Amino acid sequence: MRIGTPKELKNREYRVGLTPQGAQELIRSGHTVSVETGAGSVVGFTDELYESVGCSIVADADALFEASDMIIKVKEPQPVEIARLQPRHTLFTYLHLAPDPEQTRGLMNSGATCIAYETVTDRFGRLPLLTPMSEVAGRLSIQAGAKYLEISNGGSGTLLGGVTGVAPGNVLVIGGGVAGRNAAEMAVGLGANVTILDRSLDRLRELDVIFAGRARCLYSTSSAIESLLRTADLVVGAVLLPGSEAPKVVSADQISLMKPGSVVVDIAIDQGGCFETSRPTTHDDPVYEIGGVIHYCVTNMPAAVARTSTIALSNATLPFAMALANKGVDAAIQSDPHLAGGVNVAGGKIAHPEIVAAMDGKL
């Protein structure tokens, strides 16, 4: 199979779909790999490094798409990239279609087979290709929150860990999945006073064991959210419904209960955001303020640590990329129901039930 990895176009997106090591594995299996020039240079994966493992370096994206059967990316394709897709292409990347009818329409019109990392499952019902970036985003959410709590960045001037004789800051994590757990671990590590809210009693029991009293793990209700928002310095929204638009678990009225100079970080912004006041931001312009509350809603948070993120993502996606290349796309999908769960668009139609539901009346 002819495999291509383009340079990402999203704001400050320095991740790359294949590491040189991943590309080498595909080449050793008999496939050809093309990489757009400069695709990994910012994170230390130079053109020369790709060439040393047998990749071809392509001068521009037009040529790369033309020379490839499968495109392996990181972020959802931008309009100019969608225009390059043809029915013969397989696109393997994050898509996050639920809140994005324009992208969904474009992918349908392309006729390409579009496989989304975020809806591929494993035999335990987990999301193995979303997990590494959820880990990164969860950890980054606390770093970002701590930064914007500083006076110089518009925050209240609160140090999350406190100091001798001064109470630590209060961190509220809404959602106890992979991202929420990683956010809580970082916040606990800084010495903050941490509360995790979730609606799964089984998950709360697991978190109670994991944190062993270092964080409070409570059942999530509107009343609990409102009570905790009043004293929170940092709130992390980490709610996920696989394939669906994120539920709005905090309303604008509830956000108004928070103290001036407090910070909210919406990890679910790729899926539309879980705060009513959330709107997508970029690494160039990451925050905005509503009612004195600072909102950080960057849609590609892991790009801030692009080298770590690239390696973690490639480790997770490579076995699936190998299966698609070695078996052929149709055979790989038919033989693996977990990979089949990643097919969001194929043959001009939406192929995932959650995306069908999300697009109802929008296309």
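Since the structure is predicted, the reported quantities are computational estimates derived from the model, not experimental observations.

Chemist: Please explain the overall build of the chain as it appears in this structure.
Modeler: Helices and strands together make up the secondary structure of the chain, namely 14 helices and 15 strands. In terms of overall size, the chain behaves like a compact globule, its C-alpha atoms giving a radius of gyration of 21 Å where 363 residues would be expected to give roughly 21 Å. Projecting the C-alpha coordinates of the chain onto the three principal axes gives extents of approximately 65 × 45 × 35 Å. A total of 363 residues make up the chain; the buried ones form 54% of that total. Contacts in the chain between residues far apart in sequence, at least 24 positions, make up 65% of those at least 6 positions apart. Element-wise, carbon and sulfur atoms account for 52% of the exposed surface of the chain, whose accessible area totals about 14,800 Å². Computed over 29 positive and 38 negative side-chain charges, the separation of the two mean positions in the chain equals 4 Å.

Chemist: Please clarify how the pairing of strand β11 (residues 263-266) should be interpreted in this entry.
Modeler: Along a regular strand, successive side chains alternate from one face of the sheet to the other. By the alternation rule, side chains of β11 split into Val-263 and Val-265 and Val-264 and Asp-266, which are all buried. Of the pairings in the sheet, the one linking strand β10 (residues 234-237) to β11 comprises four bridges and is parallel in character. Residue Gly-237 lies in a different strand from β11, and its bridge partner there is Asp-266.

Chemist: Help me understand helix α9 (residues 222-229) in this model?
Modeler: Residues spaced three or four apart along an α-helix point in a common direction, a consequence of the helix completing one turn every 3.6 residues. Every buried residue of α9 is accounted for by Ala-224, Ile-225, Leu-228 and Leu-229. Seen end-on, α9 carries its buried residues on one side only, within an arc spanning 125°. If you follow the buried residues of α9, they end up packed against β7 (170-174), β8 (193-198), β9 (216-219), β10 and α10 (252-255).

Chemist: What am I meant to see in the sheet that holds β10 here?
Modeler: In any sheet, the strands associate via hydrogen bonds between backbone groups, in a parallel or an antiparallel arrangement. Pairing is mixed in the open sheet, where seven strands are placed in the order β9-β8-β7-β10-β11-β13-β12. Each edge of the open sheet carries a strand with a single partner, namely β9 and β12 (287-290). Ignoring which end each strand starts from, the neighbouring axes of this sheet average 20° apart. Where β7 meets β8, five bridges bridge the pair, whose relative direction is parallel. Its bridge partner being in β8, Asn-170 is matched across the sheet by Asn-193. Along the sheet, helix α6 (residues 131-148) contacts β7, β10, β11, β12 and β13 (293-296); its crossing angle with β10, the most-contacted strand, is approximately 150°.

Chemist: Explain the nonpolar core here, please?
Modeler: Soluble globular proteins tend to pack their nonpolar side chains together in the buried interior. The biggest cluster of nonpolar side chains holds 72 residues, and the ones touching the most others in it are Phe-92, Val-171, Val-194, Ile-196 and Leu-234. In terms of residues, this core owes the most to one element, helix α11 (residues 306-327), which gives nine residues. Excluding residues that lie within four positions of it along the chain, Phe-92 makes contacts with Ile-71, Ile-72, Lys-73, Ile-115, Tyr-117, Leu-129, Thr-317, Phe-320, Ala-321 and Leu-324.

Chemist: Could you clarify how one ought to interpret the packing of α6 against helix α7 (residues 178-190) in this entry?
Modeler: Pairs of packed helices are described in terms of their axes, by the angle between the two and the distance that separates them. α7 packs onto α6 with a crossing angle of 35° between their chain directions and a minimal axis gap of 7 Å. Considering how the two elements wind past one another, α6 and α7 form a crossing that is right-handed. The residues of α7 that touch α6, namely those facing Thr-131, Ser-134, Glu-135, Gly-138, Arg-139, Ser-141, Ile-142 and Gln-143, are Val-178, Ala-179, Asn-182, Ala-183, Glu-185, Met-186, Ala-187 and Leu-190. When the residues that make up the contact of α6 with α7 are grouped by side-chain class, the tally is seven nonpolar, six polar and three charged.

Chemist: In this structure, what is going on with a nonpolar patch on the surface? I would like to understand it.
Modeler: Side chains of Leu-159, Val-163 and Val-166 sit close together on the surface and give an oily, nonpolar patch of about 280 Å² of accessible area. Here Val-166 is to be found in the loop between α6 and β7.

Chemist: Can you walk me through the packing of aromatic side chains in this structure?
Modeler: Geometry of an aromatic ring pair is reported as the spacing of the ring centres plus the angle between the planes. By the definition in use, this model includes three aromatic pairs. Here Tyr-94 and Tyr-117 contribute two aromatic rings whose centre-to-centre distance is 4.8 Å and whose plane-to-plane angle is 85°, an arrangement assigned as edge-to-face. You can see Tyr-94 sitting in the loop between β5 (90-93) and α5 (101-110) and its partner Tyr-117 sitting in the loop between β6 (113-116) and α6, a full 23 residues away along the chain. Across the pair, Tyr-117 and Tyr-94 agree in class, each one buried. Through a chain of ring-to-ring contacts, three or more aromatic side chains come together here, namely Phe-92, Tyr-94 and Tyr-117. Lying across the ring of Phe-65, Arg-84 places its NZ or CZ 5.7 Å from the centre.

Chemist: What am I meant to see in the environment of Ala-167 here?
Modeler: When you line up the elements, Ala-167 lands in the loop between α6 and β7. A residue is classified by how much of its surface remains accessible, and Ala-167, at 61% relative accessible area, is exposed. C-alpha separation for the pair Ala-167 and Gly-191, spaced 24 residues apart in sequence, amounts to 9.8 Å.

Chemist: Sorry, what's going on with the pattern of salt bridges here?
Modeler: It is possible for side chains bearing opposite charge to pair when their charged atoms get close. Within the structure shown, the criterion is met by 18 salt bridges. Lys-73 is the partner of Glu-8 in a salt bridge, and the nearest nitrogen-oxygen pair spans 2.8 Å. Placement of Glu-8 in the loop between β1 (2-5) and α1 (20-28) and of Lys-73 in the loop between β4 (70-72) and α4 (79-82) is noted, with a sequence separation of 65 residues between them. Since its relative accessible area comes to 7%, Glu-8 is described here as buried. Each of the salt bridges in this network shares a partner with another, and the network as a whole consists of Lys-10, Lys-75, Glu-76 and Asp-270.

Chemist: Would you explain the state of the cysteines in this entry?
Modeler: Here a disulfide denotes one covalent bond, and it connects the sulfur atoms of two cysteines. This model, assessed by the stated rule, comprises zero disulfides. With no disulfide of its own, Cys-274 has Cys-297 as its nearest cysteine by sulfur position, at a separation of 8.8 Å.

Chemist: So what exactly am I meant to see when it comes to unusual backbone geometry here?
Modeler: Unusually for a residue other than glycine, His-96 sits at a positive phi of about 50°. Structurally, the position occupied by His-96 is in the loop between β5 and α5. Take His-96: its relative accessible area is 8%, and that puts it in the buried class. Positive phi outside glycine occurs at Ala-212, with the angle close to 45°.

Parameters and conventions
- Residues numbered from 1 in each chain as written.
- Predicted model: local features only at pLDDT ≥ 70, side-chain atom pairs only at ≥ 80, totals over all residues.
- Heavy atoms only, no water.
- Helix = DSSP H or I, 4+ residues; strand = E, 2+ residues; numbered from the N terminus.
- Rg over C-alpha atoms; globule rule 2.2 N^0.38 Å.
- Buried < 20%, exposed > 50% of the residue type's maximum accessible area, 1.4 Å probe, protein only.
- Contact = heavy atoms within 4.5 Å.
- Areas by Shrake-Rupley, 256 points an atom, 1.4 Å probe, with all protein chains shown as cover.
- Lys, Arg positive; Asp, Glu negative; His and termini not counted.
- Charge placed at Lys NZ, Arg CZ, Asp CG, Glu CD.
- Pairing = 2+ DSSP bridges.
- Arc of directions from axis to C-beta.
- Axes fitted to C-alpha atoms, helices over the stretch in contact; angles between N-to-C directions.
- Core = buried A, V, L, I, M, F, W, Y, C linked by side-chain atoms within 4.5 Å.
- Left-handed = near helix turned anticlockwise from the far one by under 90°.
- Nonpolar A, V, L, I, M, F, W, Y, C, P; charged D, E, K, R; others polar.
- Patch = residues over 30% accessible without salt bridge, like charges linked within 9 Å, V, L, I, M, F, W, Y side chains within 5 Å.
- Salt bridge = Lys/Arg side-chain N within 4 Å of Asp/Glu carboxyl O.
- Phe/Tyr/Trp six-rings, centres within 6.5 Å; stacked < 30°, edge-to-face > 60°.
- Lys NZ or Arg CZ within 6 Å of the ring centre and 35° of its normal.
- Disulfide = S-S within 2.5 Å.

Just geometry here; none of it tells us what the structure is for.
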